[in-house]
Amino acid sequence: MSSPGESDRPPRLLGDIDSSTSEHANRTWWDSDADDYHATHGDFLGEHTVGGDFVWCPEGLREADAELLGPIGGKMILEIGCGSAPCARWLAANGAHPVGLDLSKQMLAHGVSAMADDAVTVPLVQAGAENLPFADNSFDLACSAFGAVPFVADSARVMSEVARVLKPGGRWVFAVNHPMRWMFPDDPGPAGLTVSIPYFSRTPYTEFDDEGVATYVEHHRTIGDRVREIRLAGMILDDIVEPEWPEGFEREWGQWSPLRGSYFPGTAIFCTHKPAASPR
């Protein structure tokens with residue numbers, strides 16, 4: 001039985017991967033992997049599409065169809081973990097005023113290059129998500145499509161930072177690996193259908209180089225953890241979208257595949273908002 005107030009506590013951070021270690025490892029990883037990543041996934045994400053594209057997840061759910069952010073025209077929007085910024089570019093092409101933020105200089109460099117043919121350019125900022133370099137109440141909306149949230153040690157702080165920079169009533173929508181995926185091997189085939197890791201283990205997945213330095217870190221939180229992080233930040237959870245695998249869609253992306261997608265979700269999209277200011 002939980003002790004009084006236990007449900008209000010953020011999840012425990014297990015292991016010895018703190019924020020600075022995680023940030024350094026992932027900045028280095030994405031800087032070195034940016035070219036290969038875009039060679040593999042750039043076309044699907046809209047890197048080379050004039051005006052970008054807003055794809056929420058490997059299942060191919062697009063903001064143009066889902067409209068999870070609601071009306072975007074004229075809105076100041078922060079994209080967190082924007083990578084090469086195809087989502088932010090799409091927002092700009094559709095009348096919004098986005099800012100893209102990412103930890104990796106090389107990922108942002110792909111975004112700068114991609115904007116060469118766009119009618120509107122997007123400001124890009126290199127920074128980590130745990131300390132957003134923006135003033136309070138700066139944005140109408142915030143979004144993240146598999147950016148930042150799984151790669152930071154203190155995702156509860158990210159939620160609080162987003163709540164800080166959002167205006168009252170602003171929406172915060174973010175997509176991450178579905179938490180139940182943590183239990184299965186990172187394999188798109190039959191081997192990826194067998195549970196091998198405890199769902200409740202929050203020890204980060206970490207890769208190390210020959211000297212024992214962390215080179216890649218990914219953090220796990222349960223569905224309940226995510227809900228508590230949102231609640232503790234003062235945000236309201238509106239929906240959790242679990243995109244189904246599209247019929248006839250054959251593209252594999254890492255662990256995402258038609259086989260696995262036919263059995264369980266690969267993505268969870270959390271739709272939240274900051275409460276409106278109370279009238280005086």
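Keep in mind that this is a model prediction, so the values were computed, not measured.

## Quick notes on the packing of helix α1 (residues 19–45) against helix α4 (residues 105–114)
No. 1: Running from amino to carboxyl end, α1 crosses α4 at an angle of 40°, the nearest separation of the two axes being 7 Å. Here α1 is positioned oblique relative to α4, judged by the angle of their axes. On α4, the residues that touch Trp 30, Asp 31, Ala 34, Asp 35, Tyr 37 and His 38 of α1 are Lys 105, Gln 106, Met 107 and His 110.

## Focus: the pairing of strand β5 (residues 166–177)
No. 1: The pairing of strand β4 (residues 139–145) with β5 spans six bridges and is classified as parallel. When the bridges of β5 are listed, Leu 141 appears paired with Arg 171.
No. 2: As defined by bridge partners, β5 adjoins strand β9 (residues 267–273) across seven bridges and the pair is classed as antiparallel. The partner of Trp 172 across the bridge, within β9, is Thr 272.

## Overview of the sheet that holds strand β3 (residues 124–126)
No. 1: Pairing is mixed across the open sheet formed by seven strands, whose spatial order is β3-β2-β1-β4-β5-β9-β8. Of all strands in the sheet, those bounded by a partner on one side alone are β3 and β8 (236–241). The sheet shows a mean angle of 15° between the axes of neighbouring strands, taken without regard to direction.
No. 2: Pairing analysis gives five bridges linking β8 to β9, with the strands arranged antiparallel. Bridge pairing in β9 links Ile 240 to Phe 270.
No. 3: Together, β2 (97–102) and β3 form the strand contacts of α4, whose direction differs from that of β3 by roughly 170°.

## Considerations on the environment of Pro 190
No. 1: Secondary-structure assignment places Pro 190 in the loop between β5 and β6 (205–208).
No. 2: Sequence separation between Pro 190 and Arg 260 is 70 residues, and the spatial gap between their C-alpha atoms is 8.1 Å.

## Regarding the nonpolar core
No. 1: Core analysis: the biggest nonpolar cluster contains 27 residues, and Leu 78, Ile 80, Leu 132, Phe 134, Val 162, Trp 172 and Phe 174 have the highest contact counts within it.
No. 2: Among the elements of the structure, β1 (76–80), β2, β4, α5 (155–165), β5 and β9 are those that each provide at least two residues to this core.
No. 3: Ranked by residues supplied to this core, first place goes to α5 with five residues.
No. 4: In contact with Val 162, other than residues within four places in its own chain, are Ile 80, Leu 132, Ala 142 and Trp 172.
No. 5: Counting residues in hydrophobic clusters, the runner-up holds 19 residues, among them Ile 72, Ile 77, Ala 145 and Ala 175.

Cut-offs applied
Within each chain, residues carry numbers counting from 1 in the order of the written sequence. Reporting in this predicted model follows two pLDDT cut-offs: at least 70 for local features of residues, and 80 or more for side-chain atom pairs to be given and counted; totals over whole chains, interfaces and linings ignore these cut-offs and use all residues. Only hydrogens and water are set aside when side-chain values are computed; all heavy atoms of the structure are taken into account. Note on geometry: axes are C-alpha line fits, over the in-contact stretch for helices, and angles between N-to-C directions span 0 to 180 degrees. Helix and strand labels come from DSSP, where a helix needs a run of H or I of at least four residues and a strand needs a run of E of at least two; each type is numbered from the N terminus. For classification, angles of less than 35 degrees are called roughly parallel, those exceeding 145 degrees roughly antiparallel, those between 65 and 115 degrees roughly perpendicular, and all remaining angles oblique. Two residues form a contact once any of their heavy atoms are found within 4.5 Å. A pair of strands is labelled paired if DSSP reports no fewer than 2 bridges between them. Side-chain atoms within 4.5 Å are what join buried Ala, Val, Leu, Ile, Met, Phe, Trp, Tyr and Cys residues into a set we call a nonpolar core. Exposure is judged per residue with a 1.4 Å probe applied to protein chains only, and the accessible area is read against the type maximum: over 50% gives exposed, under 20% gives buried, and values in between give partly exposed.

By themselves these figures say nothing about function.
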